[in-house]
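The chain contents come next:
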Amino acid sequence: MSGEGEQRDGVTLTNLDQPLFEGAEATKRDLVDYLDAVADRILPALRGRPLSVIRALRGQEPFMQKNLPRYAPSWIPSVRMWAEASHRQVTYALCDDRRTLLWFANQRAVEYHPTLLRGDHVTHLVLDIDPPEAGAFDRAVRAARLVREVLADSGLTGAVKTSGAKGVHVFVPIDEQATVEEAAAATRAIAARAERLDPVLATTAFIREDRGGKVFIDSTRAGGATVVAAYSPRVRPGAPVSFPVAWDDLDEVTPADFTMRTARALLADGDPWAERMPGPQSLDPGLVAEGRTIPVARVQAMHEGKRRARARRTET
C-alpha cells in the first residue's frame, strides 16, 4: 500500500512508503506516525512561536525552510518577522495544532526549530552544549553540570534534553519581566561563569578553531534565535530525537538511545519535558549586569574574522 490519498485531520498524506532520507532507516510514514503520536507533547513547544523546519526532499540535500511556502493552506496561521541572519522579512508559520503538524510532516519536514519568543516575550534561556566530536557526550554532560551549578548559584533551575545530535540543551524558563536584551545578557554570563569553573573542559569561544578541542557552551541562542524542539526528530543517521533526560540519568544515556523508533515506547503516555520543566523564574540582576559586559559572541567573531582576513592578506 503506497499511502496515496490517505487522510488524517483533513490533511492528504502522500508517498508514505518512500524512504525518509539516506541513513534514516525510516520511511515518510514512520515520520508521520511518530509526529502524530507525540503531537500533544511537541505542540506545546511549537504553539505561538515562529517556526523554521528542516525538510528532507527526495534527491536533494536537507535544507532549512523559514518562509511559509505560498502553496501552504490558508488555514495555517503565520507571522511576519525580521530575520537578523538573512536581513529580510520572513513569513513564519505558527504550528499550533495537529493538522498543521501533519501538513508539515507530509512536506517531509523532519526537524522543528521554534524561536525562543512567544509574541514579544522571550520564554527561556538556552545553553547549547556542543562537544568537539561525536562520541564525546560524556564531556557534554560534564559541561552541562557546570551550567547547572552556575544556575543554582544564581537561584535558577533548568531542564535538560539531548539535542538529538551530539550534545545537550539546558532550558531555563523565565518570567515576563525579563526583556530580550536582559535574557541574552544573562545567557552570556551563565556561559562565562561555567567556563571559569572548568576552563580545561569548557569554552565560550565562538570561532571553532579557537576552541582547542573543548566543549563549546553556546550562549547565542537568545531572543529570536531558534532551538530544536523537544521530541523533534533530526536529519541524522538513525533518525534520532531530541529527548528530555533527568539530570540524574545523564550519565546513563547516549543521544542514540532516543530515535523515532524508540521514543514512543519510552514516553508511553508521559511528557517528561513538561513534567521536569520548572516554572518561570526571575533573573538575578547581577547575572544580567555581568552579561552586559561580555561582547555578543557572533558580533565579536565577525569582527575577529575580518581582522584575521586582513592579517592574512597583509602577510601575502
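Anything mentioned here points back to the structure above.
Residues numbered from 1 in each chain as written. Predicted model: local features only at pLDDT ≥ 70, side-chain atom pairs only at ≥ 80, totals over all residues. Heavy atoms only, no water.

Enquirer: Whenever I open this one, the packing of aromatic side chains confuses me. Can you help?
Expert: Two aromatic rings are characterised by how far apart their centres lie and by the angle between their planes. Tallied over the full model, the rule gives 7 aromatic pairs. For the ring pair tyrosine 71 and tryptophan 103, a centre distance of 6.3 Å and an interplane angle of 50° mean the geometry is tilted. Linking tyrosine 71 in the loop between strand S4 (63–65) and strand S5 (78–83) with tryptophan 103 in helix H3 (residues 98–106), this pair joins segments that are 32 residues apart in sequence. For tyrosine 71, a relative accessible area of 52% corresponds to the exposed category. (Phe/Tyr/Trp six-rings, centres within 6.5 Å; stacked < 30°, edge-to-face > 60°. Helix = DSSP H or I, 4+ residues; strand = E, 2+ residues; numbered from the N terminus. Buried < 20%, exposed > 50% of the residue type's maximum accessible area, 1.4 Å probe, protein only.)

Enquirer: Which parts of the structure should I look at to understand the side chain of threonine 203?
Expert: Positionally, threonine 203 belongs in strand S13 (residues 202–203). Only 3.0 Å separates the side chain of threonine 203 from the backbone nitrogen of alanine 205, close enough to count as a polar contact. Beyond its immediate chain neighbours, meaning those up to four positions away, threonine 203 contacts Glu195, Arg211, Lys214, Val215, Phe216 and Ile217. (Polar contact = N/O pair within 3.5 Å; in protein donor to acceptor, adjacent residues only side chain to side chain. Contact = heavy atoms within 4.5 Å.)

Enquirer: Any chance you could explain the sheet that holds strand S10 (residues 124–130) here in plain terms?
Expert: Hydrogen bonds between backbone atoms are what pair the strands of a sheet, whose relative direction is either parallel or antiparallel. Read from one edge to the other, the open sheet built from 6 strands follows the order S13-S14-S10-S12-S11-S15, with strand pairing classed as mixed. In this open sheet, the two edge strands, each paired with only one partner strand, are S13 and strand S15 (244–245). In the sheet, S13 pairs with strand S14 (residues 215–218) via 2 bridges, with the strands oriented parallel. Residue pairing in the sheet places alanine 202 in a bridge with valine 215 of S14. Along the sheet face, helix H4 (residues 137–153) touches S10, strand S11 (159–162), strand S12 (168–173), S13 and S14 and points at about 15° away from the line of S12. Sitting on the sheet, helix H5 (residues 180–197) is in contact with S10, S13 and S14, with an inclination near 35° to S10. (Pairing = 2+ DSSP bridges. Axes fitted to C-alpha atoms, helices over the stretch in contact; angles between N-to-C directions.)

Enquirer: Just to check I follow, could you spell out the packing of helix H1 (residues 28–37) against helix H2 (residues 39–46) for this structure?
Expert: Each pair of packed helices can be described by the angle between their axes along with the distance between the axes. At a minimum axis separation of 5 Å, H1 and H2 run at an interaxial angle of 75°. Taken together, the axes of H1 and H2 are roughly perpendicular relative to one another. Contacts between H1 and H2 involve Leu35, Asp36 and Ala37 on the former and, on the latter, Ala39, Asp40, Arg41 and Ile42. Of the residues contributing to the contact of H1 with H2, the split by class is 4 nonpolar, no polar and 3 charged. (Parallel < 35°, antiparallel > 145°, perpendicular 65-115°, else oblique. Nonpolar A, V, L, I, M, F, W, Y, C, P; charged D, E, K, R; others polar.)

Enquirer: Looking at this structure, how should I read H1?
Expert: Each turn of an α-helix holds 3.6 residues, which means side chains three or four residues apart point in the same direction. Here H1 lies mainly inside the structure; 7 of its 10 residues are buried. Lys28, Arg29, Leu31, Val32, Tyr34, Leu35 and Asp36 are the residues of H1 that are buried. Where H1 is buried, its residues contact strand S1 (6–8), strand S2 (11–13), H2, H3, strand S7 (109–114) and helix H6 (263–267).

Enquirer: Would you take a moment to explain the nonpolar core for this structure?
Expert: Taken as a class, soluble globular proteins show a tendency for nonpolar side chains to be buried jointly. Judged by nonpolar contacts, the single largest core of 90 residues is most densely connected at Leu101, Phe104, Tyr112, Ile129, Val147 and Val170. Take this core: its biggest share by element is 9 residues, from H4. Among residues more than four places away in sequence, those in contact with valine 147 are Leu127, Ile129, Val170, Ile190, Ala194 and Ile217. (Core = buried A, V, L, I, M, F, W, Y, C linked by side-chain atoms within 4.5 Å.)

Enquirer: Can you walk me through unusual backbone geometry in this structure?
Expert: Backbone phi values are negative for most residues with the exception of glycine, while trans is the configuration of most peptide bonds. Positive phi is not limited to glycine here, since arginine 108 has a value of about 65°. Judged by its relative accessible area of 6%, arginine 108 is buried. With phi around 80°, tyrosine 231 is a residue other than glycine that occupies positive phi space.

Enquirer: Any chance you could explain the side chain of threonine 162 here in plain terms?
Expert: Note on placement: threonine 162 falls in strand S11. Setting aside anything within four residues of it in sequence, one finds threonine 162 in contact with Phe137, Gly167, Val168, Val241, Ser242, Phe243, Val245, Pro255 and Phe258.

Enquirer: Would you take a moment to explain the environment of arginine 188 for this structure?
Expert: Here arginine 188 shows up in helix H5. Considered as a pair, arginine 188 and phenylalanine 243 are 55 residues apart in the sequence and their alpha carbons are 24 Å apart.

Enquirer: Explain the environment of leucine 156 here, please?
Expert: Along the polypeptide, leucine 156 turns up in the loop between H4 and S11. Among residues more than four places away in sequence, those in contact with leucine 156 are Leu151, Val172, Gln281, Ser282, Leu283 and Leu287.

Enquirer: Looking at this model, I keep getting lost on the pattern of salt bridges. Mind explaining?
Expert: Close approach of charged atoms allows side chains of opposite charge to pair. This model, assessed by the stated rule, comprises 19 salt bridges. Notably, a salt bridge pairs arginine 145 with aspartate 251, separated by 3.2 Å at the nearest N-O pair. Of this pair, arginine 145 sits in helix H4 while aspartate 251 is found in the loop between S15 and H6, placing the two residues 106 residues apart along the sequence. The exposure class assigned to arginine 145 is partly exposed, which follows from its relative accessible area of 29%. (Salt bridge = Lys/Arg side-chain N within 4 Å of Asp/Glu carboxyl O.)

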